[in-house]
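Listed below, chain by chain, are the residues.
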Amino acid sequence: MSAKRSQRFNPSALTEKLVPVILVVILLGLLAVFVMTGLAMLGITPGA
Amino acid sequence: MNFIPVLSTLVTFSFTYAVFRRYQKKGGTHLALWAFGLLLYGLGTLSEVWMSFAFNELVLKLWYLTGAMLTAAWLGQGSIQLLVRKGKLAQILTYALAAFSLLALVMVASAPLTGAQSTYNVAGTISEQYKTILTRGGLTIFLTIILNIYGTLGLVGSALYSAFLFWRKKVLANRMFGNILIAAGALSPALAGTFVKAGIVDALYVSEFIGAVLMFIGFMMATSGKE
């Protein structure tokens, strides 16, 4: 029980706000990769 | 000589060693798969080092097979192995990936080169020049895309999902931050490929270095502390 408790953390106000923003940014980057890959497969990207 | 692939190779092989040592210590198929994926990563960047000295057909093909086709897929397979614990789905996917990897090996090994190989510029990057040198059939290109989508989704998706769970439960801060770094690092080379497709800039070498460093730090963070 105490070991479980020690694994918990109290995020600072900055961490509380920053982490979800970073996760969303990475997710958007991932989506951009897939969208661009799809467009490249269709042959409509300049560098494909 | 381009120094960035040298640095990437050093970082990646150190990372491979760290993951393999952990596999020896703790076991776990996911660690073996990650170590294999990182070995492929390192072979890809090592090929870039070689090609900055002289053109070699075998090394070009090794670069395409490891760096362009298989690295992301095997790293992603490690993450899928870690997350998909029920049933034999992860095992089946590993066998399927092994079969597709053999197919990729045969296709790349048998791909003919064009006459453009004589104009290869060692001062440039492979990523800027391989398309005019290596003849890739439609199936090879299709397989490359599928393997990269599968691997990127597996690796980045799993790391994002894990980081989100740790953040929501407010537990294991080291693993949460570690997974964020792994997700960002894994996305780095994929984004570089996106920039190339968009015709913006070819920053593959830099992105590979950033990706290797971020993932290595992320792995060390995630595996540090109490377990």
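Everything below is about the structure shown above.
Calculation rules
- Residues numbered from 1 in each chain as written.
- Chains lettered and ligands numbered in written order.
- Predicted model: local features only at pLDDT ≥ 70, side-chain atom pairs only at ≥ 80, totals over all residues.
- Helix = DSSP H or I, 4+ residues; strand = E, 2+ residues; numbered from the N terminus.
- Contact = placed C-beta atoms within 7 Å.
- Core = buried A, V, L, I, M, F, W, Y, C linked by C-beta atoms within 7 Å.
- Buried ≥ 20, exposed ≤ 12 C-beta atoms within 10 Å, placed from the backbone.
- Nonpolar A, V, L, I, M, F, W, Y, C, P; charged D, E, K, R; others polar.
- Expected span 1.5 Å × (residues − 1).
- Axes fitted to C-alpha atoms, helices over the stretch in contact; angles between N-to-C directions.
- Parallel < 35°, antiparallel > 145°, perpendicular 65-115°, else oblique.
- Left-handed = near helix turned anticlockwise from the far one by under 90°.

*Asks:* Outline the overall build of chain B, supporting the account with residue identities and numerical values.
*Replies:* Scanning chain B from N- to C-terminus turns up eight helices and zero strands. Each helix and strand of chain B, ordered N terminal to C terminal, gives the series α-α-α-α-α-α-α-α. By principal-axis analysis of the C-alpha atoms, chain B measures approximately 55 × 35 × 35 Å. Of the contacts made within chain B by residues no fewer than 6 positions apart, 69% connect residues no fewer than 24 positions apart.

*Asks:* I'd like a description of the nonpolar core, backed by residues and values.
*Replies:* All names here are of chain B. Core analysis: the biggest nonpolar cluster contains 72 residues, and Tyr64, Ala163, Ala183 and Ala186 have the highest contact counts within it. Per element, the largest residue contribution to this core is 13 residues, and it comes from helix α7 (residues 173-197). The contact partners of Tyr64, leaving out residues within four places of it in the chain, are Met69, Val108, Tyr130 and Leu134.

*Asks:* Would you mind going over the interface of chain A and chain B in detail, with residue names and values included?
*Replies:* Where the parts come together, the accessible area they lose is often given as the size of the interface. If you look at the interface, chain A gives 23 residues, while chain B gives 24 residues. Those elements that provide at least two residues to the side of chain A that touches chain B are α1 (2-7) and α2 (13-41) of chain A. Class assignment for the residues of the side of chain A that touches chain B results in 16 nonpolar, six polar and one charged.

*Asks:* A description of α7 of chain B should follow, citing residues and the corresponding values.
*Replies:* All names here are of chain B. Given a rise of 1.5 Å per residue, 25 residues ought to cover 36 Å, and the 36 Å separating the end C-alpha atoms of α7 matches this to within 8%. With 21 of 25 residues buried, α7 is to be regarded as a mostly interior element. Among the residues trailing α7, Gly199 stands out with phi positive, at a value near 70 degrees.

*Asks:* Run through the packing of helix α1 (residues 3-26) of chain B against helix α8 (residues 204-222) of chain B, naming residues and quoting values.
*Replies:* Residue and element names in this part refer to chain B. Contact geometry of α1 with α8 gives a least axis separation of 9 Å together with a crossing angle of 25 degrees. Considering the angle they form, α1 stands roughly parallel to α8. Relative to α8, the crossing made by α1 is left-handed. Touching Ile4, Pro5, Leu7, Ser8, Val11, Thr12, Phe15, Ala18 and Val19 of α1 are Tyr205, Val206, Glu208, Phe209, Ala212, Val213, Met215, Phe216 and Phe219, all from α8.

*Asks:* Explain unusual backbone geometry to me, using residue names and the numbers behind them.
*Replies:* All names here are of chain B. For Lys170, which is not glycine, the phi dihedral falls at a positive 55 degrees. For Lys170, a count of 14 C-beta atoms within 10 Å translates into the label partly exposed. The residue Leu172 is not glycine, and still its phi comes out positive at about 50 degrees. Within the secondary structure layout, Leu172 lies in the loop between α6 (138-169) and α7. C-beta crowding within 10 Å serves as the criterion here: with 21 such atoms nearby, Leu172 is assigned to the buried category.

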